[in-house]
Amino acid sequence: MARLTGPVCRLCRRSGDKLMLKGDRCFGPKCAADKRNKPPGPHAVTRRRMSDRGVQLREKQKAKYVYGLFERQFKRFFSEAEKQVGITGNNLVVMLERRLDNAVYKLGFADSRSQARQLVLHGHILVNDHKLNVASALVNQGDTIKWREGSKKTEYYKIILENIKAKNVPAWLSLDRATLVGQVIGMPSSDVVEAKFEPTSVVEWYSR
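Residues numbered from 1 in each chain as written. Predicted model: local features only at pLDDT ≥ 70, side-chain atom pairs only at ≥ 80, totals over all residues. Heavy atoms only, no water.

What follows deals with the pattern of salt bridges. It is possible for side chains bearing opposite charge to pair when their charged atoms get close. This structure, assessed with the given rule, holds eleven salt bridges. Salt-bridge contacts for K64 lead to E71; the nearest nitrogen and oxygen are separated by 3.0 Å. The buried category is assigned to K64, whose relative accessible area is 10%. Of the charged contacts, one joins K152 and E149 as a salt bridge, the two residues approaching to 3.2 Å between their closest N and O atoms. On the accessibility criterion, E149 (55% relative accessible area) is exposed. One salt-bridge network, held together by shared partners, links R58, E59 and K62. (Salt bridge = Lys/Arg side-chain N within 4 Å of Asp/Glu carboxyl O. Buried < 20%, exposed > 50% of the residue type's maximum accessible area, 1.4 Å probe, protein only.)

Axis separation between helix α5 (residues 88–97) and helix α9 (residues 199–206) bottoms out at 8 Å; the angle between their running directions is 110 degrees. Considered as vectors, α5 and α9 are oriented roughly perpendicular to each other. Handedness of the crossing formed by α5 with α9: right-handed. From α5, T88, G89, L92 and V93 reach across to α9, where they touch P199, V202 and V203. (Axes fitted to C-alpha atoms, helices over the stretch in contact; angles between N-to-C directions. Helix = DSSP H or I, 4+ residues; strand = E, 2+ residues; numbered from the N terminus. Parallel < 35°, antiparallel > 145°, perpendicular 65-115°, else oblique. Left-handed = near helix turned anticlockwise from the far one by under 90°. Contact = heavy atoms within 4.5 Å.)

Once that is clear, we can look at the pairing of strand β4 (residues 173–176). Residues L173 and L175 point to one face of β4 and are all buried, whereas S174 and D176, pointing to the other face, are not buried. Bridging between β4 and strand β5 (residues 181–184) involves four bridges; their strand directions are antiparallel. Paired with D176 across the bridge in β5 is V181. Between β4 and β5, which pair antiparallel in sequence order, lie four residues; one of them, L180, sits at a positive phi of approximately 55 degrees. (Pairing = 2+ DSSP bridges.)

By the alternation rule, side chains of β5 split into G182 and V184, which are all buried, and V181 and Q183, of which none is buried. Direction of pairing for strand β3 (residues 144–147) relative to β5: antiparallel, over a ladder of two bridges. Pairing of T144 across the sheet is with Q183, part of β5.

This part covers the confidence of the model for the chain. In the predicted model, the chain carries a mean pLDDT of 83, and 77% of its residues have values of at least 70. Per-element averaging of pLDDT across the chain places helix α2 (residues 32–35) at the bottom with 54 and strand β1 (residues 125–127) at the top with 97. (pLDDT = per-residue confidence, 0-100.)

Structure (structure tokens):
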């Protein structure tokens, strides 16, 4: 399965914003976006004023970087959001938040979405007591997300169990911190989701 590779800190510098792609490292002194707050490249010393099309492209790229998607998969999500009732940009944010790898990340089972995606692909996560290794699968209200029994014996699980108290869980999810069993108690709302991109600009890009 295709995935983003290479130094992800360059993506934050190119976007001009912290996209939180490396978990706790983004909060520390080693964050490249803080240490080198300029676009990557030998001649990228200053930022020139972007055109409207440039801003739209930047926001679309930021959305793809944050959720770890390539163009074809991201366009598929946008097309589905466009078919739904309501505002397309808000629908897109909700769909992206409902991805299984994002839900695993928001429950605190991983420090980044890429790490959460790896947990899902390797079969460590159960949804409604069934192994689901499709990171792009959408969770629904009432779904239960938990660890596979065999995965609870790993050192990684023990570390998560110790550090889970410091994790904040969004309102649309609930978590039993003693057993690391999460549940989808509602649907994410575009009003409360802290999106790292501007949905309206994404809609304008695809509506050209």
